[in-house]
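Spelled out, the chains give:
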Amino acid sequence: MRTVQVEFEGLRLTAALLDEKAPRICQAIWDSLPLEGQITNTVWSGEMLRLWVTIPEPPEPENLSTLQNPGDVIFLPGWNGLRFVYGPAQMRGPRGPHPAPRVGRLLGDLADFVKRAKASSDPYQFISRGGVPTAEQLAASGAYTNLASNPWAAYYTNLSYYS
């Protein structure tokens with residue numbers, strides 16, 4: 001079982017990749033590490049955070065799930081990025097619910113993660129290895145766009161994965 005580390009406002013979580021159930025997607029995630037990007041709460045889909053990153057998409061989805069559970073890590077072909085489920089959720093789009101590949105599972109006690117995710121009206125600062133990234137580092141990484149003109153700006157932050 002391969003694991004990745006997620007650093008979140010000083011909180012370090014471990015996620016197990018579901019290699020045996022979604023081998024191509026998990027390999028694409030692994031090959032893309034480290035990942036860093038913005039997050040938003042996914043209002044339509046329930047209690048899940050979306051990490052806005054680009055991961056090469058495999059030709060076919062794997063390990064499709066209609067309902068998501070707290071601790072699930074979801075990848076959505078066509079929409080890219082990862083989703084971290086922290087409460088009741090069902091992946092939805094403009095046309096309603098649809099199955100999504102479950103690619104990982106957050107391990108251990110998620111109470112602090114859930115509390116921080118539910119407080120999404122407060123902007124988070126996700127910490128990358130080596131401390132809080134500077135504005136210049138974020139701009140160079142492409143993690144942030146023009147937030148001043150974005151109505152979701154209060155929900156944007158930075159998240160890092162490490163292998």
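Residues numbered from 1 in each chain as written. Predicted model: local features only at pLDDT ≥ 70, side-chain atom pairs only at ≥ 80, totals over all residues. Heavy atoms only, no water.

On to the overall build of the chain, then. Scanning the chain from terminus to terminus reveals three helices and 11 strands. Ordered by position in the sequence, the α and β elements of the chain form the string β-β-α-β-β-β-β-β-β-β-β-α-α-β. Counting only residues that meet the buried cut, the chain has 48% of its 163 residues in that class. Carbon and sulfur atoms provide 54% of the accessible area of the chain, an area that totals close to 8,100 Å². (Helix = DSSP H or I, 4+ residues; strand = E, 2+ residues; numbered from the N terminus. Buried < 20%, exposed > 50% of the residue type's maximum accessible area, 1.4 Å probe, protein only. Areas by Shrake-Rupley, 256 points an atom, 1.4 Å probe, with all protein chains shown as cover.)

What follows is about the environment of Pro59. Summarising the element assignment, Pro59 is placed in the loop between β4 (46-52) and β5 (64-65). Looking at Pro59, the relative accessible area reads 75%, which means it is exposed. On a C-alpha basis, the gap between Pro59 and Pro77 in space is 9.1 Å, while along the polypeptide they are 18 residues apart.

For the structure shown, the criterion picks out five salt bridges. For Arg2, the salt bridge is made with Asp19, and the minimal N-O distance between the two is 2.7 Å. Remark: Asp19 occurs in the loop between β2 (11-17) and α1 (23-32) and Arg2 occurs in the segment before β1 (3-8); sequence separation between them is 17 residues. Taking the relative accessible area as the measure of exposure, Asp19 reaches 19% and is therefore buried. When the shortest N-O distance is used, the salt bridge between Lys118 and Glu47 registers 3.9 Å. One end of the pair, Lys118, is in helix α2 (residues 111-118); the other, Glu47, is in strand β4, with 71 residues separating them in the sequence. (Salt bridge = Lys/Arg side-chain N within 4 Å of Asp/Glu carboxyl O.)

In this model, the chain carries a mean pLDDT of 75, and residues with pLDDT of at least 70 account for 72%. Counting contacts from residues 121-134, a segment whose pLDDT is below 50, to residues more than four positions away or on other chains yields 43 contacts. Low pLDDT, under 50, characterises residues 141-163; the stretch is placed with 76 contacts to residues that sit more than four places away or in other chains. (pLDDT = per-residue confidence, 0-100. Contact = heavy atoms within 4.5 Å.)

This paragraph deals with the packing of aromatic side chains. The final tally for this structure, using the stated rule, is zero aromatic pairs. Above the face of the Trp52 ring, Arg50 is positioned so that its terminal group lies 3.6 Å from the ring centre. (Phe/Tyr/Trp six-rings, centres within 6.5 Å; stacked < 30°, edge-to-face > 60°. Lys NZ or Arg CZ within 6 Å of the ring centre and 35° of its normal.)

For α1, the complete set of buried residues consists of Ile25, Cys26, Ala28, Ile29 and Ser32. All buried residues of α1 fall inside an arc of 155° around its axis, so they share one side. Taken together, the buried residues of α1 touch β2, β6 (72-75), β7 (82-89) and β10 (100-106). (Arc of directions from axis to C-beta.)

Moving on, we come to the nonpolar core. If you look at the biggest cluster of nonpolar residues, it comprises 30 residues, and the most contacted ones within it are Ile55, Leu82, Phe84, Val103, Leu106 and Phe113. Elements that contribute at least two residues to this core include exactly β1, β2, α1, β4, β6, β7, β10 and α2. When near neighbours in sequence (up to four residues on either side) are disregarded, Leu106 contacts Leu13, Thr14, Ala15, Gly71, Val73, Phe84 and Phe113. The next biggest cluster of nonpolar side chains, apart from the first, holds seven residues, and it includes Met48, Val85, Ala89 and Ala100. (Core = buried A, V, L, I, M, F, W, Y, C linked by side-chain atoms within 4.5 Å.)

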